[in-house]
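# Structural features, examined
Residues per chain, in single letters:
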Amino acid sequence: MEMAKKLSDELGVKSDEFLKAAKDKEGYLFPDTYLINPTANSSDIVALLENTFEKKYSDEIKNKIKKNGLTAEQGVILASIVEREARSDKVRTEVASILLRRFNEDIGLNADATVQYALGYDGKTWWRHVVLADYKVSSPYNTYIHVGLPPAPICNPSMSSLNAVANANPK
């Protein structure tokens, strides 16, 4: 939704067309700075973001993630949570290690970012402040009431978050 608004504001891309082209691709559209041809349509832009993700999410990173006991898809889901939970590289690796340990021990991840995602867009932001009652929201994305990873990524993770999951130390 945020990306669709930005593209609409800056390139005149129709938000609904972009959202349709990007459906089910959250987590796999690489966040970066792009030079986009002003004549590009929504499908062109989604393909660019998706192709960039595929190039950046290398076999080397996937193999490190697999050594941590996750599939490549689980790695993206965990990296998306790390992206929303931490802001610096050092903290991302620490958060990834903690979340991976919780995942491996089969206990709740208890990540506020997943609750924020479960609450959805409130007309202003996806990432609003979580209050106590929000921890009970019924959603498969709520890692306070569901053990394990959510069913899909909650955002498009950066290279830093993907690397944090690849280099996490769950011990």
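All values reported here derive from a predicted model rather than from experimental measurement. (Residues numbered from 1 in each chain as written. Predicted model: local features only at pLDDT ≥ 70, side-chain atom pairs only at ≥ 80, totals over all residues. Heavy atoms only, no water.)

### Details of the packing of helix 5 (residues 72–85) against helix 7 (residues 112–119)
Two numbers describe how helix 5 lies on helix 7: the axes approach to 8 Å, and their chain directions differ by 95°. Of the possible angle classes, the one that applies to helix 5 and helix 7 is roughly perpendicular. The segment helix 5 lies against helix 7, with Ile 81, Arg 84 and Glu 85 engaging Asp 112, Ala 113 and Thr 114. Each residue belonging to the contact of helix 5 with helix 7 can be placed in one class, and the counts come to 2 nonpolar, 1 polar and 3 charged. (Axes fitted to C-alpha atoms, helices over the stretch in contact; angles between N-to-C directions. Helix = DSSP H or I, 4+ residues; strand = E, 2+ residues; numbered from the N terminus. Parallel < 35°, antiparallel > 145°, perpendicular 65-115°, else oblique. Contact = heavy atoms within 4.5 Å. Nonpolar A, V, L, I, M, F, W, Y, C, P; charged D, E, K, R; others polar.)

### Re the layout of surface pockets
By volume, the largest pocket is sized at about 1,100 Å³. Every residue lining the largest pocket is counted, 37 residues in all, and those nearest its centre are Glu 2, Met 3, Ala 4, Phe 18 and Asn 156. Among the elements of the structure, helix 1 (2–11), helix 2 (15–22), helix 3 (42–56) and helix 5 are those that each provide at least two residues to the lining of the largest pocket. Looking at the lining of the largest pocket element by element, the count peaks at 7 residues for helix 1. Classifying every residue of the lining of the largest pocket gives 24 nonpolar, 2 polar and 11 charged. (1 Å grid on protein atoms, 1.4 Å probe; cavity = no way out; pocket = protein on both sides within 12 Å on 5 of 7 lines; lining within 4 Å. Points joined across faces, edges and corners; volume = space filled by probe spheres on them.)

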